[in-house]
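The chain contents come next:
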Amino acid sequence: MYRYDEFDHDFVRARVATFRDQVARRVTGALTEEEFRPLRLQNGLYLQLHAYMLRIAVPYGTLSSRQMRQFALIADTWDKGYGHFTTRQNIQFNWPKLKDVPDILDALADVEMHAIQTSGNCIRNVTSDQFAGAASDEIEDPRPTCELVRQWSTNHPEFAFLPRKFKIAVTGSPNDRAAVKAHDIGLRMVRDDAGAPGYEVIVGGGLGRTPMIGKVVREFLPKDQLLRYLEAILRVYNLHGRRDNKYKARIKILVHETGLEELRAMIEAEFEAMDAPTFAPSAEEIARIEAYFAPPAFETVEGADAALEAAKAADPRFAAWVDTNVVDHREPGYAIATISLKAIGEAPGDATSEQMRVMADLAERYSFDELRVTHEQNIVLPHLRKDQLHEVYQALDAAGLGTANIGLISDMIACPGLDYCALATARSIPVAQDIARHFADPVVARDIGEMKIKISGCINACGHHHVGHIGILGLDKGGIENYQITLGGDATETAAIGERMGPGFPAEEVVPAIERIVETYKAERLNREETFLQTYRRIGAEPFKEALYPSEARHAA
Amino acid sequence: MAKAFKTQIVTANDLFEGDVVYFTAGGFWSRNLSDAAVAHSKEDADAILARGEAQQSTIVGAYLADVAIGADGVPQPLHYREHRRTLGPSNRPDLGRQAEAVAPIAKVAA
Ligand code: SF4
């Protein structure tokens, strides 16, 4: 993975020193809160309902075991023994004290990490496919691209005060695991007719108040022109993006109001006018970055498949876990395992310091020292030998990390909601807990099959509810928590915004509503192979609306 | 009982700890809801808010919250958001104010 050079080290340390000084001046009163607030936000420090919250960038979700252990240390030393992994592939600590934050940032700098670009109207931490460099369907590892974009965007003087925050996601596979169509810019690796790799550039996706699926602005962009093209998009956005209304300031609104064709012409004109060599990183720099992401030294493992099959036959719980949590690796003899942070009844995405250490140890011992954070709030061990999977599983299981539910109904996304978040209009976590408990029986969950429920505690949609197969949005309806349900959302290459079913439900009626949706699906599906999303697309919303709001009741109302 | 005007208190987060505090009649910020100064008129409320807001080196983000006065005389926030702030995260009863109720900590922010 990427290692800091001297410049990176000095830069991050200098930022910590500056922030230490700013905290000191806030405490003495030399800085007012009005002056201090943007400074702390630039360092990832928010003030939430019960405490400060520190959001730490995990660039494109890739972590070393040393970095994961440092999170555990931070959780134990300055926080309350746990952390929360987010849909931005970041980690948040929920209880830091103001005076400790500079020390935490120093501890992060020790392991080449920081909290810069996790807030504010800048280009945010770039996100990517959690299976990068391991996936069997990959064209190229997307992480060198992510790193290039990270270096280009970090402290880019022109783009420090954009109309609004700006999110970029990159996928190296045709199967989109990075939700690239839900980002301001999505980059999807493709090949041209001659087989050369490049990018399909998608622009104007986003969730929040006005959800939109991104549109293809360039079908094929040669790899070496990436930064020039991104710069062109950002310049057009910086100039024309609305600054009069924060709800209309994202690039998706510019795409919508200007029209894709006109915007494309503006971007292409800007692109043509730019000096190509200025925006082309040198071959040495590209090679330097790519070298950090060179594949690890995979071994040829004799009998790995046989060993795995034998272990599965001997341990049915392990077999069930492999079935849901393990996918193919591009290297024979290896597999990718997703560690579920969705144990039944726990807050989605939370991990204790002890669990972090277990995951770090396993990564160090079995997975070439690498971990990934997924936007679905789980952790991945990307490179595991198949004949060692059983050992890994047993260690995970002993630490409460052996839940076999990836892709199933209890593998939900839930934002922190009103249990932590100052912007929330309703709670998310208890809703997720209730649903998970209700569908806890693995036989029931497997029968339902692939199901993605995503829950947000307000219209900002950090829980990606618009692109959940079932989306749940918590609102404040006359002083009572109320939950709106959408169906048919999809975050993948077949992206779609979910459709709202009708009036919201009070908290205690959410689980029965989900139950009715599930029962309708089970009654309507053609066979066990037809997923919920496929059934929904085939039969449409009406049968589900009927189940949620029976027509007698609707007519009576 | 609801009155013709709203009873309100002034709340904020402590600058240093980040936790929830309430402005008191004595002119300081307290971690105890029962210490909160209660305003019985809009003029009262605005005056208390102004006094609380002036203490910028102690707190962050002071605002008014609607309350009802319980039988014990302690103001009870009316909105569930404010109620949540008196407790902590609902999935972690071991954390936040709700946990401190068992083991009280130093209670007054200067
Ligand atoms: S969706 Fe709303 S409630 Fe949830 S984390 Fe984002 S801002 Fe907070």
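All values derive from a computational prediction rather than experimental measurement. (Residues numbered from 1 in each chain as written. Chains lettered and ligands numbered in written order. Predicted model: local features only at pLDDT ≥ 70, side-chain atom pairs only at ≥ 80, totals over all residues. Heavy atoms only, no water.)

Topic: the site of the ligand
Counted only if it meets this: In these notes, residues near a molecule or strand are those with any non-hydrogen atom within 4 Å of it. Amino acid classes used here: Ala, Val, Leu, Ile, Met, Phe, Trp, Tyr, Cys and Pro are nonpolar; Asp, Glu, Lys and Arg are charged; the rest, including Gly, are polar.
By nearness alone, every residue bordering the ligand is listed as Cys415(A), Pro416(A), Gly417(A), Cys421(A), Leu423(A), Ala424(A), Gly457(A), Cys458(A), Asn460(A), Ala461(A) and Cys462(A). A per-class count over the shell around the ligand returns 8 nonpolar, 3 polar and no charged.

Overview of the packing of aromatic side chains
Residues and elements named next belong to chain A. The line we're drawing: Working definition: a ring pair exists when centres of Phe, Tyr or Trp rings (six-membered ring for Trp) sit within 6.5 Å. Plane angles under 30 degrees give stacked, over 60 give edge-to-face, the rest tilted. Numbering of helices and strands starts at the N terminus; helices are DSSP runs of H or I of at least 4 residues and strands are runs of E of at least 2. Note on exposure labels: buried denotes an accessible area under 20% of the residue type's maximum, exposed denotes more than 50%, and partly exposed covers the range between, all computed with a 1.4 Å probe on protein chains only.
Counted by the stated rule, this structure contains 21 aromatic pairs over all chains. Both rings, one in Tyr-2 and one in Tyr-292, keep their centres 4.9 Å apart while their planes meet at 70°; by these two values the pair is edge-to-face. In this pair, Tyr-2 is assigned in the segment before helix H1 (6-28) and Tyr-292 in helix H9 (residues 283-292), connecting sequence segments 290 residues apart. Judged by relative accessible area, Tyr-2 falls into the buried class, the value being 7%.

Quick notes on the packing of helix H5 (residues 143-153) of chain A against H9(A)
All names here are of chain A. Under the convention used in this document: Comment: axis = line fitted to C-alpha atoms, over the contacting stretch for helices; angle = value between 0 and 180 degrees taken between N-to-C directions. Should an angle lie under 35 degrees it is considered roughly parallel, over 145 roughly antiparallel, and from 65 to 115 roughly perpendicular; all remaining angles are considered oblique. Note on convention: the crossing is left-handed when the near helix lies turned anticlockwise from the far helix by less than a right angle, right-handed when the turn is clockwise. By definition in these notes, contact holds between two residues if any of their heavy atoms fall within 4.5 Å.
Following both chains from N to C, one finds H5 and H9 inclined at 120°, their axes separated by 9 Å at the closest point. Put simply, H5 runs oblique to H9. Crossing hand, H5 versus H9: right-handed. Residues Pro-144, Glu-147, Leu-148 and Gln-151 of H5 form the contact with H9, whose participating residues are Glu-285, Ile-286, Arg-288, Ile-289 and Glu-290.

Structural notes on the sheet that holds strand S5 (residues 91-93) of chain A
All names here are of chain A. Using the following cut-off: Paired strands, in this sense, are two strands between which DSSP finds at least two bridges.
Pairing within the open sheet is antiparallel, and its 5 strands lie in the order S1-S2-S5-S4-S13. The open sheet has two edge strands, strand S1 (45-47) and strand S13 (350-352), and neither has a second partner. Here the average twist between neighbouring strands, direction ignored, is 30°. Summarising the sheet, S1 and strand S2 (residues 52-56) pair through 3 bridges and their orientation is antiparallel. Note on S2: the bridge partner recorded for Tyr-46 is Met-53.

Structural notes on the environment of Leu31(A)
Residue and element names in this part refer to chain A. Relative to the elements of secondary structure, Leu-31 occurs in the loop between H1 and helix H2 (33-41). With 143 residues separating them along the chain, Leu-31 and Pro-174 place their C-alpha atoms 50 Å apart. Other than its neighbours up to four places away in sequence, Leu-31 contacts Gln-22, Arg-25, Arg-26, Phe-36 and Leu-39.

Considering the pairing of strand S2 (residues 20-23) of chain B
Residue and element names in this part refer to chain B. Side chains of S2 alternate between two faces, with Val-20 and Tyr-22 and Val-21 and Phe-23 buried alike. Judged from the 3 bridges that link them, strand S1 (residues 7-14) and S2 form a sheet pairing that is antiparallel. Bridge pairing in S2 places Ala-12 opposite Val-21. Taking the residues that link successive antiparallel strands as the turn, the S1-S2 hairpin has 5 residues, and the phi of Gly-18 there is positive, at about 85°. As paired strands, S2 and strand S3 (residues 29-30) are joined by 2 bridges and run antiparallel to one another. Within the sheet, the bridge partner assigned to Tyr-22 lies in S3 and is Ser-30.

Describing empty space enclosed by the protein
Any empty space left between the atoms is revealed when a probe the size of a water molecule rolls over them. Residue and element names in this part refer to chain A. Selection rule: As defined here, a cavity is a set of points on a 1 Å grid over the protein atoms alone where a 1.4 Å probe fits but cannot get out. A pocket is an open set with protein on both sides within 12 Å along at least five of seven lines, and residues line them when an atom is within 4 Å of a point. Grid points are joined across faces, edges and corners, and a volume is the space filled by probe spheres set on the points.
For the structure shown, the criterion picks out 8 cavities of 30 Å³ or more. Of the voids in this model, the largest cavity is the one considered here, and its volume is about 160 Å³. By residue class, the composition of the lining of the largest cavity is 7 nonpolar, 3 polar and 3 charged. As for the second largest cavity, its lining consists of Ala-57, Pro-59, His-114, Ile-116, Gln-117, Ile-123, Arg-124, Asn-125, Val-126, Arg-150, Ser-153 and Thr-154. Here the residues of the lining of the second largest cavity sort into 5 nonpolar, 5 polar and 2 charged.

A word on helix H10 (residues 304-314) of chain A
Residue and element names in this part refer to chain A. Stated formally: Read the arc as the range of directions from the helix axis to the C-beta atoms.
Within H10, the full set of buried residues consists of Ala-304, Leu-308 and Ala-311. Along the axis of H10, the buried residues cluster in a sector spanning 65°; they form a single face. The exposed residues of H10 that point more than 90 degrees off its buried face are Ala-306, Ala-313 and Ala-314.

Things to note about unusual backbone geometry
Residue and element names in this part refer to chain A. Although it is not a glycine, Glu-112 sits at a positive phi angle of roughly 60°. Along the chain, the position of Glu-112 falls in the loop between helix H4 (101-110) and strand S6 (127-128). Positive phi values are uncommon outside glycine, yet Asp-369 reaches one of about 70°. Its location among the elements puts Asp-369 in the loop between helix H12 (353-366) and strand S14 (370-373). By relative accessible area, Asp-369 is classed as partly exposed at 30%.

Quick look at the confidence of the model for chain B
All names here are of chain B. Put simply, the rule is: How sure the predictor is of each residue is captured by pLDDT, a score from 0 to 100.
Mean pLDDT for chain B: 89, with 86% of residues reaching 70 or above. Below pLDDT 50 for its whole length, residues 102-110 participates in 17 contacts with residues either more than four positions away or in separate chains. Across the predicted assembly, pTM comes out at 0.94 and ipTM at 0.90.

Looking at the pattern of salt bridges
We apply this condition: A side-chain nitrogen of Lys or Arg and a carboxyl oxygen of Asp or Glu constitute a salt bridge if their distance falls within 4 Å.
All told, the structure shown has 61 salt bridges over all chains when counted by the stated rule. The closest approach of N and O atoms between Asp305(A) and Lys386(A), which form a salt bridge, is 2.9 Å. Of this pair, Asp305(A) sits in helix H10 while Lys386(A) sits in the loop between strand S15 (379-385) and helix H13 (389-398), and the two are 81 residues apart along the sequence. The exposure class of Lys386(A) is buried, given its relative accessible area of 16%. As a salt-bridge pair, Arg81(B) and Glu82(B) come within 3.5 Å of each other at their nearest N and O atoms. Taking relative accessible area as the criterion, Glu82(B) reaches 7% and is therefore assigned buried. Where salt bridges share partners, they join Arg13(A), Arg20(A), Asp103(A), Asp106(A) and Asp110(A) into one cluster.

Re helix H6 (residues 226-240) of chain A
Note: α-helices contain 3.6 residues per turn, so residues at a spacing of three or four share the same orientation. Residue and element names in this part refer to chain A. The criterion, for reference: An expected span of 1.5 Å times one less than the residue number is assigned to each helix.
Across its 15 residues, H6 extends 21 Å between first and last C-alpha, which sits within 8% of the 21 Å expected from 1.5 Å per residue. Of all 15 residues making up H6, 12 are buried, and the element is well covered by its neighbours. Burial in H6 covers these residues: Leu-226, Leu-227, Arg-228, Tyr-229, Leu-230, Glu-231, Ala-232, Ile-233, Leu-234, Val-236, Tyr-237 and Asn-238. In this structure, the buried side of H6 is in contact with H5, strand S8 (185-191), strand S9 (197-203), strand S10 (215-222), helix H7 (251-258) and helix H8 (260-273).

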